[in-house]
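So the chains spell out like this:
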Amino acid sequence: METTTFELRTGDRFGVHDLTGRINDWLRDRGDGLCHVFLPHATAGLALIETGAGSEQDLQTALERVLPRDDDLWQHRHGSAGHGGDHVLPAFVAPFLVLAVEGGALVLGTWQSVVLVDSNVDNVTRTVRLSLLRG
């Protein structure tokens, strides 16, 4: 198994960040197998969605409705307002994905992209871990 990590600056506001190109760059010339994408963070997740047609904002809006920034709702309170919801996010948007790789590229549908979902405004840099199990 081959593994690498990279850092991504997500900034100080809720964001949905496309990782597809970066993952495919690493997979290039590595053949076939399974790619495990993992975020070693308690307040971010990964999703497979359409990008570029407004779905990123739709996902953000849906999550903001489910996990509002109101501190009165959360037992876990520290950091910025609503940070308790950041810690619940991975229950809705898992911190990992496992995807097929063929010919050194992710096997995705026409409109699918791998995105990092980060609602935690207190952590501006994320580490992404990629592992390839060759098949």
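Description of the structure in this document. (Residues numbered from 1 in each chain as written. Predicted model: local features only at pLDDT ≥ 70, side-chain atom pairs only at ≥ 80, totals over all residues. Heavy atoms only, no water.)

Considering helix α1 (residues 20-27)
A turn of α-helix holds 3.6 residues, and therefore any two residues three or four places apart point the same way. As a reminder, the rule being used: Only protein chains enter the accessibility calculation, which uses a 1.4 Å probe; a residue whose area is less than 20% of its type maximum is buried, one above 50% is exposed, and one in between is partly exposed. Helix numbers and strand numbers start at the N terminus; a helix is a DSSP run of H or I with at least 4 residues, a strand a run of E with at least 2. Comment: arc refers to directions from the helix axis out to C-beta atoms.
Along α1, the positions that sit buried rather than exposed are T20, I23, N24, W26 and L27. All buried residues of α1 lie within an arc of 160 degrees about the axis, which places them on one face of the element. Just beyond α1, the residue with positive phi is D29, at close to 70 degrees.

Points about the pattern of salt bridges
The condition is simple: A pairing counts as a salt bridge when a side-chain nitrogen of Lys or Arg comes within 4 Å of a carboxyl oxygen of Asp or Glu.
Taken as a whole and assessed by the stated rule, the structure comprises four salt bridges. One salt bridge in this structure joins E2 and R30, with 2.9 Å as the shortest N-O distance. With E2 in strand β1 (residues 2-9) and R30 in the loop between α1 and β3 (33-38), this pair connects stretches of sequence that are 28 residues apart. Classification of R30 by relative accessible area gives partly exposed; the value is 21%. With its nearest N and O atoms 3.3 Å apart, the salt bridge here joins D25 to R28. The exposure class assigned to D25 is partly exposed, which follows from its relative accessible area of 47%. It is possible to trace a salt-bridge network through shared partners that takes in E2, R30 and R134.

Observations concerning the sheet that holds strand β4 (residues 44-50)
For clarity, the cut-off: Paired strands, in this sense, are two strands between which DSSP finds at least two bridges. Whenever a helix is involved, its axis is fitted only over the stretch in contact; in every case the axis is a line through C-alpha atoms, and angles between N-to-C directions fall within 0 to 180 degrees.
The three strands lie next to each other as β2-β7-β4, forming an open sheet whose pairing is antiparallel. Each of the sheet's edge strands pairs with one partner strand only, and the pair in question is β2 (15-18) and β4. Averaged over all pairs of adjacent strands, the angle between their axes in this sheet comes to 35 degrees, without regard to strand direction. Pairing analysis gives four bridges linking β2 to strand β7 (residues 112-118), with the strands arranged antiparallel. Across the sheet, V16 pairs through a bridge with V117, a residue of β7.

Some points on a nonpolar patch on the surface
Using the following cut-off: Patches were defined on residues exceeding 30% relative accessible area and lacking a salt bridge, with like-charge contacts within 9 Å and nonpolar side-chain contacts (Val, Leu, Ile, Met, Phe, Trp, Tyr) within 5 Å. Surface accessibility follows the Shrake-Rupley procedure with a 1.4 Å probe radius. Residue values consider only the protein chains on display as shielding.
Together, M1, L34, F96, V98 and L133 give the surface a local cluster of nonpolar side chains, amounting to about 530 Å² of exposed area. Note on placement: L133 falls in strand β8 (residues 125-134). Since its relative accessible area comes to 48%, L133 is described here as partly exposed.

Points about the pairing of β7
Most of β7 sits out of view: six of its seven residues are buried. Here seven bridges tie β4 to β7, and the two strands are oriented antiparallel to one another. Bridging from a neighbouring strand, A44 pairs with D118 of β7.

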